[in-house]
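# What the coordinates show
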Amino acid sequence: MKYAGVGEKELFSRRTMDEISRISSGIPRLVNRICEKALMYGYQQGLRIIDDQDVLYVSDHKMLNGGEQL
């Protein structure tokens, strides 16, 4: 994260991590996919921190796995 320029700042809020866990059911590859898509969405939107609403947006708009709903 330091290499990417984030440093010690929090990138995901605690509520965001809880939402990622809920949506993914704790399955590691789904956690990775959700985080990747949320980070891409956050970058496109110019966000400095990803919150639970951003994760829900990514999930609700079928942005995971090329449109496949989890």
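Keep in mind it's a predicted model, so treat the numbers as computed, not measured.

## Structural notes on the side chain of D54
- Among the structural elements, D54 can be located in helix α3 (residues 52-60).
- We note that D54 is buried and unpaired, the nearest opposite charge coming from R15 at a distance of 11 Å.
- The contacts of D54, once residues within four sequence positions are left out, are Y41, L47 and I49.

## Quick word on the packing of helix α1 (residues 14-24) against helix α2 (residues 28-45)
- Contact geometry of α1 with α2 gives a least axis separation of 9 Å together with a crossing angle of 130°. Relative to α2, the element α1 lies oblique. Between α1 and α2 lies a crossing whose hand is right-handed. Across the interface between the two elements, I20, I23 and S24 from α1 touch L30, V31, I34 and C35 from α2.
- Here the residues of the contact of α1 with α2 sort into six nonpolar, one polar and no charged.

Reading the values: the criteria
Residues numbered from 1 in each chain as written. Predicted model: local features only at pLDDT ≥ 70, side-chain atom pairs only at ≥ 80, totals over all residues. Heavy atoms only, no water. Helix = DSSP H or I, 4+ residues; strand = E, 2+ residues; numbered from the N terminus. Buried < 20%, exposed > 50% of the residue type's maximum accessible area, 1.4 Å probe, protein only. Lys, Arg positive; Asp, Glu negative; His and termini not counted. Salt bridge = Lys/Arg side-chain N within 4 Å of Asp/Glu carboxyl O. Contact = heavy atoms within 4.5 Å. Axes fitted to C-alpha atoms, helices over the stretch in contact; angles between N-to-C directions. Parallel < 35°, antiparallel > 145°, perpendicular 65-115°, else oblique. Left-handed = near helix turned anticlockwise from the far one by under 90°. Nonpolar A, V, L, I, M, F, W, Y, C, P; charged D, E, K, R; others polar.

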